[in-house]
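Summary of structural features
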Amino acid sequence: MTESPTRGTLFLVGIGPGGEAHMTARAREAIAAADTLIGHATYLRLVADLVTDQEVIKSTMTEELDRAVMAVELAQTGHTVALISSGDSGVYGMAGLTYEVLFQSGWTPETGCAVEMVPGVTALASCSALVGAPLSHDFCAISLSDLLTPWPVIARRLNAAAAADFVVALYNPKSGRRARQIVEAQRLFLCHRRPDTPVALVQSAYRPRQRLELTTLAELDSREVSMLTTVLIGNSQTRIEHGLLITPRGYTNKYDLQGRTTVDGERGGHSLSSGLDGWLATIRTGGESAAELAQRYGLPQDYIAAVLASADAAIEN
């Protein structure tokens, strides 16, 4: 009878900004439990105080595939491996690539090494905390790196996010070989946002070389930005008060904050009068065509037509 290989463990560890104070207890436990630590040299330096007798395997920024393959091979042969990412391993980290390597190797959760995602504080959250509360309403993250993603794809995403009034966190905004992408991102945003839209630049959050700067969309291309910078672009409601970047959640649409009462026509605990039900009633009785409504609200005509048809069907039933 052939013995099955020893079942190892692969931890995909997000260490957050890198300092132990902002690292989860589970991340520290996974690092302590591992016999092998693998990661970019910069990230491994951030956890150097947690290293005991583990084997430490360092690599450079362009060797992600090698790191993933090595981590999988070691775990599949019985080792306990911690593959280190800054921030969260699942947000522009090593998790996605590592799962691709696992699947291509024939791995399954039932038969292969154990895999555990250890979440960490991602850059947009740590950077946001340093400059106020810019992510209090809907937001998205977009990487400007075109090393693996075609620029037209990135540009379409930037344009859609800008037009939809998301607060946007830009990752990987600039490097020695990629200086123009941030300029093109600014140009796309200025097609939809005011030049005085607030912007925060956060470099090396919670690390020794941390640098914070508040600026505007119009001035973005003249500011110092690097690969270690996260760029936070506010939406139409974001403002700077007392040196803090704040995006309102929308409470003033419903409440008088000083009087602590609801605004006329609104009810606490219920959707806005302009929420889905109120909007449906408006478009159903307003007499405008699907094409006119699509133009008014910036929504696909097919969607508007389907909404009107479903509303009519609900009335008939």
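Our subject is the structure listed above.
Our subject in this report is the structure included herewith.

Reading guide: rules and limits
- Residues numbered from 1 in each chain as written.
- Predicted model: local features only at pLDDT ≥ 70, side-chain atom pairs only at ≥ 80, totals over all residues.
- Heavy atoms only, no water.
- Helix = DSSP H or I, 4+ residues; strand = E, 2+ residues; numbered from the N terminus.
- Buried < 20%, exposed > 50% of the residue type's maximum accessible area, 1.4 Å probe, protein only.
- Contact = heavy atoms within 4.5 Å.
- Salt bridge = Lys/Arg side-chain N within 4 Å of Asp/Glu carboxyl O.
- Pairing = 2+ DSSP bridges.
- Axes fitted to C-alpha atoms, helices over the stretch in contact; angles between N-to-C directions.
- Phe/Tyr/Trp six-rings, centres within 6.5 Å; stacked < 30°, edge-to-face > 60°.
- Disulfide = S-S within 2.5 Å.
- Patch = residues over 30% accessible without salt bridge, like charges linked within 9 Å, V, L, I, M, F, W, Y side chains within 5 Å.
- Areas by Shrake-Rupley, 256 points an atom, 1.4 Å probe, with all protein chains shown as cover.

1. A few points about the overall build of the protein
Within the protein, the secondary structure is distributed over 10 helices and 15 strands. If one aligns the C-alpha atoms of the protein with their principal axes, the spans along those axes are about 75 × 55 × 45 Å. Evaluated residue by residue, the protein yields a buried proportion of 39% over its 317 residues. A separation threshold of at least 6 residues defines the contact pool for the protein, and within that pool the share at least 24 residues apart is 64%.

2. Some points on the pattern of salt bridges
Should their charged atoms come close, side chains of opposite charge can pair. On inspection of all chains with the given rule, the structure shows 11 salt bridges. The salt bridge involving Glu29 is made with Arg26; its shortest N-O contact spans 3.0 Å. Here Glu29 and its partner Arg26 are both found in helix α1 (residues 25-33), three residues apart, which amounts to about one turn of the helix. Note on Glu29: relative accessible area 42%, which makes it partly exposed.

3. Concerning the sheet that holds strand β11 (residues 229-233)
Pairing is mixed in the open sheet, where five strands are placed in the order β7-β8-β11-β9-β10. Of all strands in the sheet, those bounded by a partner on one side alone are β7 (139-143) and β10 (211-216). In this sheet, neighbouring strand axes are inclined to one another by 20 degrees on average, regardless of whether the strands run parallel or antiparallel. Strand contacts of helix α6 (residues 151-163): β7 and β8 (167-171), with the helix running at about 160 degrees to β7, the strand carrying the most contacts.

4. Concerning the packing of aromatic side chains
By the definition in use, this model includes five aromatic pairs. Each ring, one from Phe103 and one from Trp107, has its centre 5.9 Å from the other, and the planes form 45 degrees; the classification is tilted. Overall, the relative accessible area of 53% leaves Phe103 in the exposed class. Three or more aromatic residues joined by ring pairs make a cluster, and in this case those are Tyr99, Phe103 and Trp107.

5. Re the state of the cysteines
One pass over the full model with this rule turns up zero disulfides. Of all cysteine sulfurs in the structure, the one in Cys140 sits closest to Cys127, which takes part in no disulfide; the separation is 15 Å.

6. Describing a nonpolar patch on the surface
Taken together, the side chains of Tyr297, Leu299 and Tyr303 make up a nonpolar region of the molecular surface, amounting to roughly 250 Å² of accessible area. Relative to the assigned elements, Tyr297 resides in helix α9 (residues 290-297).

Nothing here speaks to function; it is all geometry.
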